[in-house]
Every structure is written in C-alpha cells, then in structure tokens.
Amino acid sequence: MGKPTDEKPQLRRLLRARRRSLSSTDVTEKSRLIRERLLGSAPFQQAQAIVLYSADENEVQTDAIWDEATRLNKAVYYPRISADKANLEFVRRVPGQPLVSGTFGILIPPGDDLLTSVSAIDVILTPGVGFDLAGHRLGRGRGYYDRAFHGVLAGALRIALAYESQLVDVIPTAVDDEPVHAIVTETRFIGCADCGLHA
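Heads up: these notes are all about the structure in this document. This one's a predicted model, so the numbers in the text were calculated from it and none came from an experiment.

### Some details on the overall build of the chain
Turning to step 1, where the next piece is worked out: Helices and strands together make up the secondary structure of the chain, namely 5 helices and 11 strands.
Turning to step 2, where the next piece is worked out: For 199 residues, the compact-globule estimate of 2.2 N^0.38 gives 16 Å, and the chain sits close to it at 16 Å.
Turning to step 3, where the next piece is worked out: Each principal axis of the C-alpha atoms in the chain carries an extent, and together these give about 50 × 40 × 35 Å.
Turning to step 4, where the next piece is worked out: For the chain, the residues scored as buried account for 47% of the 199 residues in total.
Turning to step 5, where the next piece is worked out: Accessible surface computed for the chain: about 9600 Å², of which carbon and sulfur atoms make up 50%.
Turning to step 6, where the next piece is worked out: Considering the chain, the positive charge centre built from 24 side chains and the negative charge centre built from 25 side chains are found 3 Å apart.

### Focus: the packing of helix 2 (residues 24–39) against helix 4 (residues 63–71)
Turning to step 1, where the next piece is worked out: At a minimum axis distance of 10 Å, the contact between helix 2 and helix 4 shows a crossing angle of 25°. Considering their axes alone, helix 2 and helix 4 lie roughly parallel with respect to each other. Along this stretch, helix 2 crosses helix 4, giving a crossing that reads as right-handed. Contacts between helix 2 and helix 4 involve Arg35, Leu38 and Leu39 from the former and Ala64, Ile65 and Glu68 from the latter.
Turning to step 2, where the next piece is worked out: Split into classes, the residues belonging to the contact of helix 2 with helix 4 amount to 4 nonpolar, no polar and 2 charged.

### Focus on helix 2
Turning to step 1, where the next piece is worked out: Relative to the 22 Å expected for 16 residues at 1.5 Å per residue, helix 2 spans 22 Å between its end C-alpha atoms, a close match to the ideal helical length.
Turning to step 2, where the next piece is worked out: Looking at helix 2, one finds that the buried residues are Val27, Ser31, Ile34, Leu38 and Leu39. Projected down its long axis, helix 2 shows its buried positions confined to an angular sector of 120°, all on one face.
Turning to step 3, where the next piece is worked out: Buried residues along helix 2 sit against helix 3 (42–46), helix 4, strand 6 (123–126), strand 9 (157–161) and strand 10 (182–184).

### Focus: the side chain of Glu59
Turning to step 1, where the next piece is worked out: Position of Glu59 relative to the elements: it lies in the loop between strand 1 (49–51) and helix 4.
Turning to step 2, where the next piece is worked out: The exposure class of Glu59 is buried, given its relative accessible area of 8%.
Turning to step 3, where the next piece is worked out: In this structure the side chain of Glu59 is engaged in a polar contact, spanning 3.0 Å, whose partner is the backbone nitrogen of Asp56.
Turning to step 4, where the next piece is worked out: For Glu59, the side chain forms a polar contact with the side chain of Arg140, separated by 3.3 Å.

### Topic: the nonpolar core
Turning to step 1, where the next piece is worked out: Membership of the largest hydrophobic core comes to 41 residues, with the highest contact counts inside it found for Leu38, Ile65, Phe90, Leu125, Leu153, Ile159 and Leu161.
Turning to step 2, where the next piece is worked out: The leading source of residues in this core is strand 2 (residues 75–81), at 5 residues.
Turning to step 3, where the next piece is worked out: Discounting chain neighbours no more than four positions away, the residues touching Leu153 are Val51, Phe90, Leu115, Val118, Ile124 and Ala148.
Turning to step 4, where the next piece is worked out: Judged by nonpolar contacts, the second largest core, of 8 residues, contains Phe131, Leu167, Ile190 and Cys192.

### Describing the sheet that holds strand 6
Turning to step 1, where the next piece is worked out: As summarised here, the arrangement of the 7 strands in space is 3-2-1-6-9-10-11, forming an open sheet in which the pairing is mixed. Each having just a single partner strand, strand 3 (88–93) and strand 11 (189–191) make up the two edges of the open sheet. Here the average twist between neighbouring strands, direction ignored, is 25°.
Turning to step 2, where the next piece is worked out: Where strand 2 lies against strand 3, 6 bridges are found, and the strand directions are antiparallel. Opposite Val76, over in strand 3, you have Arg93 as the bridge partner.
Turning to step 3, where the next piece is worked out: Strand contacts of helix 4: strand 2, strand 3, strand 6 and strand 9, with the helix running at about 140° to strand 2, the strand carrying the most contacts.

So, how was this worked out
Residues numbered from 1 in each chain as written. Predicted model: local features only at pLDDT ≥ 70, side-chain atom pairs only at ≥ 80, totals over all residues. Heavy atoms only, no water. Helix = DSSP H or I, 4+ residues; strand = E, 2+ residues; numbered from the N terminus. Rg over C-alpha atoms; globule rule 2.2 N^0.38 Å. Buried < 20%, exposed > 50% of the residue type's maximum accessible area, 1.4 Å probe, protein only. Areas by Shrake-Rupley, 256 points an atom, 1.4 Å probe, with all protein chains shown as cover. Lys, Arg positive; Asp, Glu negative; His and termini not counted. Charge placed at Lys NZ, Arg CZ, Asp CG, Glu CD. Axes fitted to C-alpha atoms, helices over the stretch in contact; angles between N-to-C directions. Parallel < 35°, antiparallel > 145°, perpendicular 65-115°, else oblique. Left-handed = near helix turned anticlockwise from the far one by under 90°. Contact = heavy atoms within 4.5 Å. Nonpolar A, V, L, I, M, F, W, Y, C, P; charged D, E, K, R; others polar. Expected span 1.5 Å × (residues − 1). Arc of directions from axis to C-beta. Polar contact = N/O pair within 3.5 Å; in protein donor to acceptor, adjacent residues only side chain to side chain. Core = buried A, V, L, I, M, F, W, Y, C linked by side-chain atoms within 4.5 Å. Pairing = 2+ DSSP bridges.

Everything listed here is a matter of coordinates, which is why it stays silent on function.
Encoded structure:
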C-alpha cells in the first residue's frame, strides 16, 4: 500500500487546476472578502511584523493588504528563494518601493534587509495549493515554507489565505509538514490545530 503522501501530486494537480479556473472577477471579489475578514481580525491588528507574498496563479491577492499594513506602520516582508535555491529568505519592503521579478517570475522586494527573527504575535500570511480544517497545508511540492516554519519563521502565527474551493477533507501529510494556525476564506475565519486562534 502506498504512503499517504503518494496522493499529494494528484491532489495538487486537481487543486491547482481548480484555482486556475477562477475568473478574474471571482479572484478579485473573493480576495476582497478575504482581505476584509483578515484586516478586521485581532491577529492582524496586533502583529508588529507581517510576512506577505506576491500572488501567483490566481492566489488570493495581497496588494491591498500591503497598503493597509503600511498604513499601520507594520514591518512587511516578502519571501524570495535564496541564492543556493535551498531555502526561503524574507526581504523587507519599504513604502514607495516597487516589486521586481524574482525566481519563477514571482515579484519580490529589491533590497537585502532580511528578516532574522519573529515574535509570537507576528503573522505569516501563507499561500498554498490546498488546506484541510486541521490546518494541514499542501504547497507546490518543494518544501520551502515547511523549512521556513522550522527556521526563521518559527514561533509566529501562520495564517493561510485561501478560497473555500481550496479546502478539502484531508491533506496527506509527511513528518516534516507544518500546519497553519488559521485559514481565512471568503466566508469564514477558521482556527486550526487546537491553537485557540480566532478572529
């Protein structure tokens, strides 16, 4: 019998195709609802630093989250792949600074002010291909975020931004997979992993 993680590639293909099938109107409207739910939440309001991401492949849009975090004087960092392509590092973006194309064409800040540590109230806004209600996350298969959760991002709140259509009953997991603490969708704020986190 195959291991549970053998199911990941097929599920990843299914969920990526489902997300790609969203119209631009759907992406814009669902992202707006997710953003409003996130911005009104206590974790976002209390965070001193935010790790954001540049949306790709119809992921939940984040530009307006950057705008609000900047207005609230939060430090905002974006992921980029390290020079040796082994890990993620997180680069601070400053107001007025445009993003530039990075590895895989994903937009990143151009500077080198790297995140070195996080606190328990800092928030990692986490992309993913799919999630279950226990917070298990299906990424793109390279393990970058799981390694970061063990490393520089350890101890911060992990909040996924996802559409309801990205939620499934069970995400197959391996020993190194790291769950998120909450998921914000267009209809709800879901606390996961018995962490007691809520909006």
